[in-house]
Amino acid sequence: MSGNSPLEISRALVAALSTQMFRYYEDRIPQDASVLVVSNHRSFMDALILMAALSSPIRFACHHYMGQVPIMREIVTGQLGCFPLEETQNRHQSFFSQSQVLLQSKQMVGVFPEGTESMVKFSQPNHLSEFHRGFAHLALRADVQDLAILPIAIASLEEVNTSGFPLKLLSVFDPSEPLFNQGGWHPLVIYRRVAVLIGRPYWITPQHHKKYHGKQARTVVAELTEHCHGEISNLLRQGCY
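Per an unreviewed UniProt entry, the chain goes by 1-acyl-sn-glycerol-3-phosphate acyltransferase and derives from Nostoc cf. commune SO-36.

Here you go:
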């Protein structure tokens, strides 16, 4: 990556948008460990906010189309260090392989388990959709020492909502995504005041691996997913009221 670091760029963009950010429970951030950051997702600002809040670059898995759209591609991959997922048929394998390499080198990896829908449909600040379980499979499958999953809630206290561009425009760049094959506009949520509440880290132990590679795989994946969803949901309630 050339020029300024993703962290410097994130801080500069948050400042340029005049966003006030408040951090809570920063003492929960694991030190000297591989960290998988899991967060709710309503705004294009979320990756910037999380990097600024954790004072660290985070390598975010982002939607395939972001690696296809000119200008956006240069920003998310070249400037912010995100890695776009591949097309549908290779998406899971590329996510696992890229993320594991990054985590093994002690880089923070970020995932938004609500997926694309939370970005293309406007929702209330305290709303949390169901989580896809890919991040749990990654954490339990990855050959990584000292791995912590860090759930974080981004709670909007004051925001501006506007429309960005027609959703159908994105289908040009990713025809495989059914959410883009509809009318309406991609919402743009700009935070004016935002609280970032850091949850309790969930450490992956040898017992977790043993369960995952045995007969309890579905149970341990469900437990991990529900833990993170519950933690973020509780933190959102704290932050939004």
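Don't stop here, the text continues.
## Overview of the overall build of the chain
Per the secondary structure count, the chain includes nine helices and eight strands. Classification of the 241 residues of the chain by burial places 49% in the buried group. By sequence separation, contacts in the chain at least 24 residues apart represent 80% of the contacts at least 6 residues apart. Of the accessible surface of the chain, which amounts to about 11600 Å², a share of 52% is contributed by carbon and sulfur atoms.

## Quick notes on helix α2 (residues 46-54)
Buried residues dominate α2, accounting for nine of its nine residues. The set of residues buried in α2 consists of D46, A47, L48, I49, L50, M51, A52, A53 and L54. A positive backbone phi angle near 55 degrees is found at S55, which sits one or two residues after α2.

## Notes on the pairing of strand β2 (residues 34-39)
In terms of residue burial, β2 counts as a mostly covered element, since six of its six residues are buried. Residues S34, L36 and V38 point to one face of β2 and V35, V37 and S39 to the other, with burial holding for every one of them. Here β2 pairs with strand β5 (residues 108-111) via three bridges, running parallel. By the bridge assignment, V37 is partnered in β5 with G110.

## Points about the environment of G230
One can find G230 in helix α9 (residues 217-240). Classification of G230 as partly exposed rests on a relative accessible area of 27%. Separated by 79 residues in sequence, G230 and P151 place their C-alpha atoms 9.5 Å apart.

## With respect to the packing of aromatic side chains
The final tally for this structure, using the stated rule, is three aromatic pairs. A centroid spacing of 5.6 Å and a plane angle of 45 degrees characterise the contact between F95 and F96, whose relative ring orientation is tilted. We classify F95 as buried; its relative accessible area is 7%. Accessibility expressed as a relative area gives 10% for F96, which makes it buried. On the numbers, 6.2 Å between centres and 80 degrees between planes, the contact of F131 with F135 is edge-to-face. Judged by its relative accessible area of 8%, F131 falls in the buried class. R141 extends its terminal NZ or CZ atom over the ring of F96, reaching a point 4.0 Å from the ring centre.

## Some details on the packing of helix α6 (residues 134-141) against α9
Angle between the axes and distance between the axes are the two parameters that describe a pair of packed helices. Two elements in contact, α6 and α9, have axes whose closest approach is 9 Å; the angle formed by their N-to-C orientations is 120 degrees. Considered as vectors, α6 and α9 are oriented oblique to each other. Taken as a pair, α6 and α9 cross one another with a handedness that is right-handed. Of the residues in α9, those touching α6 at F135, A136, H137, A139 and L140 are V220, V221, L224, T225 and C228. In the contact of α6 with α9, the residues fall into eight nonpolar, two polar and no charged.

## Here's the deal with the pattern of salt bridges
Counted under the stated rule, the structure contains four salt bridges. Across the pair D32 and K106 runs a salt bridge whose closest N-O atoms are separated by 3.7 Å. Pair noted here: D32 is in the loop between β1 (20-24) and β2 and K106 is in the loop between α4 (91-104) and β5, with a separation of 74 residues, a long-range link. Residue D32 is classed as exposed on the basis of its relative accessible area, which comes to 67%. Here R200 ties to E231 by a salt bridge, and the two come within 2.5 Å at their closest N and O atoms. Placement of R200 in the loop between β7 (185-198) and β8 (202-203) and of E231 in helix α9 is noted, with a sequence separation of 31 residues between them. On the basis of relative accessible area, R200 is assigned to the partly exposed category, the value being 46%. Accessibility expressed as a relative area gives 6% for E231, which makes it buried.

How each quantity is defined
- Residues numbered from 1 in each chain as written.
- Predicted model: local features only at pLDDT ≥ 70, side-chain atom pairs only at ≥ 80, totals over all residues.
- Heavy atoms only, no water.
- Helix = DSSP H or I, 4+ residues; strand = E, 2+ residues; numbered from the N terminus.
- Buried < 20%, exposed > 50% of the residue type's maximum accessible area, 1.4 Å probe, protein only.
- Contact = heavy atoms within 4.5 Å.
- Areas by Shrake-Rupley, 256 points an atom, 1.4 Å probe, with all protein chains shown as cover.
- Pairing = 2+ DSSP bridges.
- Phe/Tyr/Trp six-rings, centres within 6.5 Å; stacked < 30°, edge-to-face > 60°.
- Lys NZ or Arg CZ within 6 Å of the ring centre and 35° of its normal.
- Axes fitted to C-alpha atoms, helices over the stretch in contact; angles between N-to-C directions.
- Parallel < 35°, antiparallel > 145°, perpendicular 65-115°, else oblique.
- Left-handed = near helix turned anticlockwise from the far one by under 90°.
- Nonpolar A, V, L, I, M, F, W, Y, C, P; charged D, E, K, R; others polar.
- Salt bridge = Lys/Arg side-chain N within 4 Å of Asp/Glu carboxyl O.

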